[in-house]
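In case you want the letters, here they are:
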Amino acid sequence: MTIIYMLIPLGLVLLVAAVAAFIWAVRSGQFEDLATPAERILLDDDRRPPE
Amino acid sequence: MSEVRQARGEADWSCYDRAAVQSKFVTRQRDGLAVASMLIGGVRCSACVCLLEEKIGGLTGVRAIRVDALTTRAEIVWDPGVIPLSKLFAAISELGYTPQPYAADLVEHALGLEQRQSLYRLIIAGLGMMQVLSFAVALYAGALDAMDPEIQRFLRLVSLVVASPVVLYSGMPFFTGALRGILARRPGMDVPVALAIGAAFTASVWNTFRGSGEVYFDSATMFVFFLSVARFLELTGRRRALSMTGALARQMPATVTRIVDGGIEAIGIDELAAGDLLMVRPGAVFPADGIVERDEIRVDESLLTGESRAVVRRPGDRVAGGSLNLMHAARVRVENVGADTVIAEIGRLIVGARDDKPRSVQIADRLAGWFVVAVLFIAAVVGICWWLIDATRAFEIVLAVLVVSCPCALALATPAVYTVATSALARLGLLIRNARVLDELHKVTDIVLDKTGTITRHAFGIGQVRVFGQLPEDRCVEIAAALEAQSEHPIALAFRAQRSAAGAQNVRAVTGRGLEGSVAGREYRIGTLEFVADFAASDTAGIGPGDTEQTIVFLADRDRVLARFAIEEQLRPGTEQALREFERRGKTITIASGDRAAPVRVVAQRLGIDRWSAALSPASKLQMVRGMQQAGHRVAMIGDGINDAPVLAGADVSIALASGTSLAQVSADCVIINENLGTLCSALDVATESRRIVRQNLSWAVGYNLLAMPLAATGLLAPWMAALGMSASSLLVTMNALRLSRRIPQSASPPMGPLDQIVSARARG
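Residues numbered from 1 in each chain as written. Chains lettered and ligands numbered in written order. Predicted model: local features only at pLDDT ≥ 70, side-chain atom pairs only at ≥ 80, totals over all residues. Heavy atoms only, no water.

A. A look at the packing of aromatic side chains. Residue and element names in this part refer to chain B. Under the counting rule described, the total for this entry stands at three aromatic pairs over all chains. Ring geometry for Trp700 versus Tyr704: centroids 6.3 Å apart, planes at 25°, classification stacked. Linking Trp700 with Tyr704, this pair stays in helix H25 (residues 679–713), spanning four residues, or about one helical turn. (Phe/Tyr/Trp six-rings, centres within 6.5 Å; stacked < 30°, edge-to-face > 60°. Helix = DSSP H or I, 4+ residues; strand = E, 2+ residues; numbered from the N terminus.)

In structure tokens form, the structure reads like this:
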């Protein structure tokens with residue numbers, strides 16, 4: 001059972017990595033607007049929507 | 001220490017005493033008092049509002065304070081001679097809130113920060129909870145199966161490491177909220193929550209290091225996570241409202257063109273001062289109230305007053321900020337700026353109307369207060385009893401009582417349903433800004449509609465056409481369309497829908513009368529009867545203006561008057577059908593318009609509505625709705641203009657149209673984005689359905705509580721069982737809410753998403 005002394009800290013490292021990845025995602029603005037990106041892909045690249 | 005902090009606080013806020021800084025968000029009144037509008041960070045519930053109103057309102061020199069819990073905006077009326085503004089800022093920050101002058105950019109900024117923080121809190125609580133629960137399963141299994149004490153110690157230690165950020169970071173809002181509630185002597189739901197989390201965590205930490213006794217990391221993290229979900233859902237709704245409030249400031253153009261010696265310069269709207277000479281392009285909005293300097297101009301005030309016709313303003317006349325310049329570039333001398341403009345005045349009327357709105361929320365808060373006191377009382381009694389029976393078990397039993405009594409199911413019951421209903425309605429084409437709407441919608445007895453822009457579109461169309469000569473009707477329309485194609489006058493736009501192959505030459509506009517020009521070599525005039533009669537050789541007797549309630553234009557050539565066009569407002573598609581639907585549901589329909597009586601009567605007759613009032617000012621519209629409310633009616637108001645904004649804020653439920661002004665949208669509880677009033681019928685169905693589900697959820701949550709509380713108090717329920725049961729109950733409530741999305745009726749017309757809007761905007765060119 002001593003393997004858990006290594007596996008659990010390893011799991012914690014992954015946890016920290018997951019939290020860090022999430023914080024990066026939020027910081028880079030991926031959660032600011034959840035609706036538009038889904039529809040943006042359907043628009044032509046060469047024409048911008050009217051402001 | 002406190003002196004040091006105070007000194008520092010004063011130094012921090014003193015910049016707000018400078019007149020130049022204040023000019024952005026402070027208005028001076030005639031009686032020497034001043035009004036400051038600000039944004040107060042940290043306001044989360046009506047308890048905070050009460051605290052602020054008590055403490056700040058109690059300062060000498062402060063005449064009045066109003067805080068909006070939903071948008072966290074505050075308005076303070078104070079006497080600058082008695083207390084400087086910096087003192088007010090310092091006092092607010094001393095209460096633990098962060099005051100900011102209200103400006104759109106700050107709203108945006110605060111919004112972004114709050115959004116990010118709540119997301120961080122939620123995800124850390126969620127991931128942490130999963131880890132702690134997996135350790136907890138091992139610990140429970142180990143307890144049954146004689147685990148190695150060394151491993152048990154290790155598992156408890158890692159649980160502590162993971163649970164600490166969950167409790168101390170994700171759970172922080174509950175601790176600060178509870179502290180604030182206790183300091184204000186108005187304990188909210190945060191108090192038992194903070195007590196349960198804090199006690200469970202402290203005891204677990206203590207027992208971990210002591211090496212004996214129970215640990216409750218699983219209960220504590222689960223509790224934090226589920227409450228964070230409830231709080232996040234609630235915050236999402238409030239954020240949407242906040243972002244729409246920011247639109248208020250964006251109503252105004254960002255830059256304006258100022259005429260200075262020898263040229264023009266673009267300046268920010270903030271730099272605009274009274275006395276500046278401005279150039280306003282045709283099609284642009286006047287940024288401030290002002291006096292027309294030269295040239296006659298034509299402005300569209302329909303958003304401000306509801307008047308459907310363009311208004312002529314001559315040199316020396318006033319134009320109101322927010323109205324639209326229809327003609328050539330106008331020169332305007334600025335009279336009032338920003339907070340002093342007509343628009344800003346209406347804005348304050350809105351805030352007042354909204355604050356006086358009858359609120360069921362307050363009752364809910366008072367109930368929550370009693371509930372909290374009762375829970376704390378029961379927990380204390382149970383604790384004392386168990387202390388006398390078996391002191392070793394007293395702690396875990398009190399903990400179980402606290403966890404059970406403050407169930408997430410109760411906290412989630414309403415927000416979960418509202419979130420599902422809100423997103424479902426958004427798919428149908430109705431944006432809900434305030435979840436309270438769902439409660440109120442089904443109680444509505446009366447529906448009051450604005451005319452201009454709501455029942456009708458902001459456009460004219462050709463109604464009845466009468467032909468007097470040999471020329472066929474379609475040829476007359478074609479000639480008229482060719483002539484009018486050269487004009488930007490609103491009446492000319494009525495002819496835009498007509499395709500005209502013919503081109504007109506030498507078109508000349510005669511202001512206030514009509515147009516003249518030649519089509520295919522023949523000269524024509526179009527306009528008022530006198531204007532064309534001057535031109536046509538033949539007698540105009542018998543043609544007569546006829547029905548004077550409508551706008552009529554005549555077409556004539558050199559010989560005779562050819563045709564008579566009735567110009568009428570175009571009804572919004574689907575309106576008539578929607579009104580019939582409302583009537584079928586037993587709602588009384590009334591039209592309240594700021595326009596003149598004649599056009600309102602025409603529209604009311606066309607739709608078969610008996611109850612209508614015209615020529616109402618924003619204040620009298622509000623008064624009318626107030627009267628209906630006092631008579632016991634529940635009023636839903638639908639409007640789009642700035643003049644509708646105060647009444648929208650004062651109605652029980654208010655609905656704005658997406659094509660309307662952002663001021664109206666800000667004041668309304670919901671916005672119809674697909675422009676079809678029929679969407680509201682679907683909303684009525686959804687409201688009824690969601691209310692049913694909220695009731696189911698609440699009765700489940702309360703029933704569960706009544707059942708679990710005695711079990712916890714008698715010691716049959718361990719804290720982990722309480723936390724597990726609570727989570728299961730929350731899950732059930734959420735699943736029940738999700739049922740709603742499958743029951744929502746499909747809309748008659750396809751909703752318009754942002755993509756459709758972009759596509760259709762392109763199609764229009």
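Don't stop here, the text continues.
B. Just helix H21 (residues 597–607) of chain B, in detail. Among the residues of H21 of chain B, Ala598, Pro599, Val600, Val602, Val603, Ala604 and Leu607 of chain B are the ones counted as buried. Positive phi shows up at Gly608 of chain B, right after H21 of chain B, with a value of about 70°. (Buried < 20%, exposed > 50% of the residue type's maximum accessible area, 1.4 Å probe, protein only.)

C. Looking closely at helix H7 (residues 172–183) of chain B. The end-to-end C-alpha distance of H7 of chain B, which contains twelve residues, comes to 17 Å, matching closely the 16 Å that a straight helix rising 1.5 Å per residue would cover. Downstream of H7 of chain B by one or two residues, Arg185 of chain B has phi in the positive range, about 55°. (Expected span 1.5 Å × (residues − 1).)

D. Looking closely at the environment of Cys476 of chain B. Residue and element names in this part refer to chain B. Tracing the backbone shows Cys476 in helix H17 (residues 473–484). When its relative accessible area of 0% is taken as the criterion, Cys476 is described as buried. Separated by 87 residues in sequence, Cys476 and Ala563 place their C-alpha atoms 6.7 Å apart. Once you skip the residues sitting within four places of it in the chain, Cys476 turns out to touch Val467, Leu471, Leu555, Leu562, Ala563 and Phe565. (Contact = heavy atoms within 4.5 Å.)

E. Summary view of the environment of Gly463 of chain B. Residue and element names in this part refer to chain B. Relative to the elements of secondary structure, Gly463 occurs in strand S17 (residues 456–467). Separated by 31 residues in sequence, Gly463 and Ala494 place their C-alpha atoms 9.6 Å apart. Discounting residues that sit within four places of it in the chain, Gly463 has contacts with Ala566 and Glu568.

F. Local environment of the pattern of salt bridges. Residue and element names in this part refer to chain B. Scanning the model with the defined rule gives 19 salt bridges over all chains in all. For the salt bridge of Arg585 with Glu581, the shortest nitrogen-to-oxygen distance reads 2.9 Å. For Glu581, a relative accessible area of 25% translates into the label partly exposed. Where salt bridges share partners, they join Glu581, Arg584, Arg585 and Asp685 into one cluster. (Salt bridge = Lys/Arg side-chain N within 4 Å of Asp/Glu carboxyl O.)

G. Structural view of unusual backbone geometry. All names here are of chain B. Even without being glycine, Ala520 reaches a positive phi, approximately 50°. Inspection of the secondary structure puts Ala520 in the loop between strand S19 (514–519) and strand S20 (522–527). The exposure class of Ala520 is exposed, given its relative accessible area of 62%. Despite not being glycine, Ala615 shows a phi value in the positive range, around 55°. Note that Ala615 resides in the loop between strand S24 (612–613) and helix H22 (618–630). The exposure class of Ala615 is exposed, given its relative accessible area of 58%.

H. Layout of the side chain of Thr208 of chain B. Residues and elements named next belong to chain B. Along the polypeptide, Thr208 turns up in helix H8 (residues 190–210). Judged by relative accessible area, which is 3%, Thr208 ranks as buried. A distance of 2.6 Å separates a polar side-chain atom of Thr208 from the backbone oxygen of Ser204. Not counting the four nearest positions on each side in its chain, Thr208 is found in contact with Arg153, Arg156, Leu157, Val215 and Phe217. (Polar contact = N/O pair within 3.5 Å; in protein donor to acceptor, adjacent residues only side chain to side chain.)

I. Summary view of the pairing of strand S16 (residues 446–449) of chain B. Residue and element names in this part refer to chain B. Every second residue of S16 is oriented toward a common face, with Asp446 and Val448 on one face and Ile447 and Leu449 on the other, all of them buried. Looking at chain direction, S16 and strand S23 (residues 588–592) are connected through four bridges and run parallel. Each residue of the ladder has a partner; that of Val448, found in S23, is Thr590. Summarising the sheet, S16 and strand S25 (residues 635–639) pair through four bridges and their orientation is parallel. Bridge assignment links Asp446 to a residue of S25, and that residue is Val635. (Pairing = 2+ DSSP bridges.)

Nothing here speaks to function; it is geometry throughout.
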